[in-house]
Amino acid sequence: MGPDGGVSVKDKYKVVVAGMGKRGMHHALAFQANDRFEVAGICDIDQSRLDAAAAKLGVAVTGKDASEVAAAVRPDVFCFCTMPNVRTSMIRAGIAGGARLIAMEKPVALTSAEGFEVRDALRASGVKAVVSHQHRYGEHYQKVAEIVASGALGRIHTVYATATGWMMHLLSHLIEYMRWYNGEAEAEWVMAQAAGRGKLADAHPSPDYIAGFIHFANGVHGVIECGAGAPDVSEVDYWWRKCRIGAQGPDGFAEVLTGGGWRAVTKNGSFSGGGSMNYGLDMPPYIQQIADWLDDDEKVHPCNFESAYKGFEIMMAFCRSAAQGGQVRLPLESPADEIEMLRNAVPDRKIALSMASNAKEYA
Ligand SMILES: NC(=O)c1ccc[n+]([C@@H]2O[C@H](COP(=O)([O-])OP(=O)(O)OC[C@H]3O[C@@H](n4cnc5c(N)ncnc54)[C@H](O)[C@@H]3O)[C@@H](O)[C@H]2O)c1
């Protein structure tokens with residue numbers, strides 16, 4: 001215990017990382033590069049991935065079962081970067097292993113039924129949690145936030161976001177940054193439409209195209225398009241980074257392009273600058289702020305679970321509206337399987353594309 005009876009600040013926090021794929025390695029390497037952390041255990045169900053990661057990271061405790069690795073290490077931070085079908089079991093492994101903070105990948109879950117379980121388990125345990133919406137550290141994302149906060153656009157009335165990648169990959173990111181640009185206002189209802197069944201069978205199950213509106217309590221409206229029918233962002237070449245997120249007020253607009261800088265038009269003229277999503281630049285501050293939050297309860301991580309959870313509910317409400325029609329009020333009151341709802345409802349018609357390069361994913 002610390003001097004105030006709180007939990008002590010440690011020189012180094014012990015970390016377990018489960019799921020040693022692309023994002024697991026990003027996390028493990030970023031934790032290792034920060035002198036406040038020590039990666040003490042890793043886990044993957046794939047033995048060859050586990051062996052390769054152990055050799056690269058020099059970690060002694062390894063295993064195929066996350067609960068066993070967590071029980072052996074008793075980490076301060078339990079991090080998991082599995083595909084979105086594995087969530088609740090990892091949350092439980094982290095809590096049972098004594099973690100003080102769980103760092104997880106987006107999306108929060110695939111259905112509200114599982115999202116409720118994850119939320120309730122975290123709230124009941126009191127364990128802190130963060131969700132990796134690390135794009136926000138990009139200088140171009142930060143610049144748009146700065147312009148919005150400066151008042152140069154006047155009082156914001158609209159926030160908007162588009163991405164050509166599909167929902168379970170990208171919608172969570174889009175909503176998180178829209179909420180940020182709208183001062184984290186509460187969402188009161190949404191209304192959405194969906195088309196295209198191809199990606200309902202993907203490991204990130206999604207309609208090929210989903211679009212809709214969010215009404216926020218401060219009167220601002222959010223407009224979103226995600227997937228096959230979303231507009232091109234012709235300034236950006238890299239398909240996965242063709243995302244545009246912005247805010248409009250009476251005096252102008254400011255927007256970030258995930259793979260291509262930022263721009264703004266205000267009463268004072270037009271402005272633009274660089275920046276591109278970059279794991280190498282975005283992961284270090286994300287990891288550092290985990291140490292800061294563990295050190296000091298007041299330094300709540302900007303990617304905290306409660307914020308991500310609000311975005312997750314908006315995404316699930318979009319699915320419900322697309323499947324059942326009409327407006328869906330927030331917060332959601334009862335659990336459901338939104339992907340099953342979409343499987344039952346999205347028409348079996350060929351998807352219409354917004355640009356030829358989408359055909360490689362949404363044929
Ligand atoms: N934040 C971002 O910018 C970003 C970018 C890409 C992916 N993601 C998200 O990260 C997550 C992982 O994506 P990825 O591309 O790293 O996937 P990946 O397939 O490269 O890695 C997942 C790993 O988890 C392992 N795994 C599966 N079940 C497991 C279990 N029960 N216990 C231990 N290990 C298990 C797999 O063997 C695999 O090695 C997804 O949720 C994805 O949406 C986020």
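Keep in mind it's a predicted model, so treat the numbers as computed, not measured.

1. With respect to the packing of aromatic side chains
The relative placement of two aromatic rings is captured by the distance of their centres and the angle of their planes.
Stage number 1. Counted under the stated rule, the structure contains 13 aromatic pairs.
Stage number 2. Relative to Tyr286, the ring of Tyr137 lies with its centre 6.5 Å away and its plane at 65°, an arrangement referred to as edge-to-face. Highlighted residues: Tyr137 in the loop between strand E6 (128-131) and helix H6 (139-150) and Tyr286 in helix H8 (residues 279-295), separated in sequence by 149 residues. Across the pair, exposure class does not vary: Tyr137 and Tyr286 are buried alike.
Stage number 3. One aromatic cluster is present, formed by Tyr141, Tyr177, Trp180 and Tyr181 through successive ring pairs.
Stage number 4. Directly above the aromatic system of Phe116 lies the positively charged group of Arg119, at a separation of 4.4 Å from the ring centroid.
Stage number 5. A cation sits over an aromatic face here: Lys199 above Trp166, 4.0 Å from the ring centre.

2. Quick look at the sheet that holds strand E11 (residues 243-249)
Stage number 1. On the basis of which strands lie adjacent, the open sheet formed by 9 strands has the order E14-E13-E12-E11-E7-E10-E9-E8-E15 and mixed pairing. Two strands lie at the open edges of the sheet, namely strand E14 (269-273) and strand E15 (328-329), each paired on one side alone.
Stage number 2. Summarising the sheet, strand E7 (residues 158-163) and strand E10 (residues 221-227) pair through 6 bridges and their orientation is parallel. In the sheet register, Thr158 faces E10, and the bridge partner there is His221.
Stage number 3. Packed onto the sheet, helix H9 (residues 305-324) meets strand E8 (187-195), strand E9 (209-216), E10 and E15 and runs at close to 55° relative to E8.

3. So, the pairing of strand E5 (residues 101-104)
Stage number 1. Covered by surrounding structure in E5 are Leu101 and Ala103 together with Ile102 and Met104, the residues of both alternating faces.
Stage number 2. Where strand E4 (residues 77-80) meets E5, 4 bridges bridge the pair, whose relative direction is parallel. The partner of Phe78 across the bridge, within E5, is Ile102.
Stage number 3. Looking at chain direction, E5 and E6 are connected through 4 bridges and run parallel. Directly across from Ile102, in E6, lies its bridge partner Ala129.

4. A look at the side chain of Ser132
Stage number 1. Considering the arrangement of structural elements, one finds Ser132 in the loop between E6 and H6.
Stage number 2. With a relative accessible area of 1%, Ser132 lands in the buried category.
Stage number 3. Reaching out from Ser132, the side chain makes a polar contact with the side chain of Arg23 at a distance of 3.0 Å.
Stage number 4. Of note is the side chain of Ser132, whose polar atom sits 2.9 Å from the side chain of Gln134.

5. Details of the side chain of Arg244
Stage number 1. Mapped onto the secondary structure, Arg244 falls in strand E11.
Stage number 2. Relative accessible area serves as the criterion here: at 17%, Arg244 is assigned to the buried category.
Stage number 3. Engagement of the side chain of Arg244 in a polar contact is seen with the side chain of Glu255, the distance being 2.7 Å.
Stage number 4. Beyond its immediate stretch of four places on either side in the chain, Arg244 contacts Tyr160, Ala161, Thr162, Asp232, Val233, Glu235, Glu255, Val256, Leu257 and Arg263.

6. Overview of a nonpolar patch on the surface
Stage number 1. A cluster of nonpolar side chains, namely Met191, Phe213 and Val223, defines an oily patch on the protein surface of about 240 Å² accessible area.
Stage number 2. By secondary structure assignment, the location of Met191 is in strand E8.

7. Focus: the site of the ligand
Stage number 1. Not every one of the 23 residues close to the ligand is listed here, only the nearest: Arg23, Asp44, Arg49, Lys106 and His204.
Stage number 2. In this structure, an oxygen atom belonging to the ligand sits 2.6 Å away from a side-chain N or O atom of Asp44.
Stage number 3. One nitrogen or oxygen atom from the side chain of Lys106 is found 2.8 Å from an oxygen atom belonging to the ligand.
Stage number 4. Calculation on the ligand without its partners gives an accessible area of 860 Å², and the protein chains cover 83% of this total.
Stage number 5. For the ligand, the cavity whose grid points lie within 2 Å of the majority of its atoms is the largest pocket.
Stage number 6. Across the shell around the ligand, the residue classes tally to 7 nonpolar, 8 polar and 8 charged.

8. Brief notes about the sheet that holds strand E3 (residues 61-63)
Stage number 1. Strands sit in the order E3-E2-E1-E4-E5-E6 across an open sheet of 6 strands; the sheet is parallel. In this open sheet, the two edge strands, each paired with only one partner strand, are E3 and E6. With direction set aside, neighbouring strand axes in the sheet form an average angle of 20°.
Stage number 2. Across 4 bridges, strand E1 (residues 13-18) lies against E4 in parallel orientation. The residue of E4 that forms the bridge with Val16 is Phe78.
Stage number 3. Docked against the sheet, helix H2 (residues 47-57) engages strand E2 (37-43) and E3, running at close to 160° with respect to E2.
Stage number 4. In the packing of helix H3 (residues 66-73) onto the sheet, the strands contacted are E1, E2, E3 and E4, and the crossing angle to E2 comes to about 145°.

How each quantity is defined
- Residues numbered from 1 in each chain as written.
- Predicted model: local features only at pLDDT ≥ 70, side-chain atom pairs only at ≥ 80, totals over all residues.
- Heavy atoms only, no water.
- Phe/Tyr/Trp six-rings, centres within 6.5 Å; stacked < 30°, edge-to-face > 60°.
- Helix = DSSP H or I, 4+ residues; strand = E, 2+ residues; numbered from the N terminus.
- Buried < 20%, exposed > 50% of the residue type's maximum accessible area, 1.4 Å probe, protein only.
- Lys NZ or Arg CZ within 6 Å of the ring centre and 35° of its normal.
- Pairing = 2+ DSSP bridges.
- Contact = heavy atoms within 4.5 Å.
- Axes fitted to C-alpha atoms, helices over the stretch in contact; angles between N-to-C directions.
- Polar contact = N/O pair within 3.5 Å; in protein donor to acceptor, adjacent residues only side chain to side chain.
- Patch = residues over 30% accessible without salt bridge, like charges linked within 9 Å, V, L, I, M, F, W, Y side chains within 5 Å.
- Areas by Shrake-Rupley, 256 points an atom, 1.4 Å probe, with all protein chains shown as cover.
- Salt bridge = Lys/Arg side-chain N within 4 Å of Asp/Glu carboxyl O.
- Near = heavy atom within 4 Å.
- 1 Å grid on protein atoms, 1.4 Å probe; cavity = no way out; pocket = protein on both sides within 12 Å on 5 of 7 lines; lining within 4 Å.
- Sits in = over half its atoms within 2 Å of the grid points.
- Nonpolar A, V, L, I, M, F, W, Y, C, P; charged D, E, K, R; others polar.

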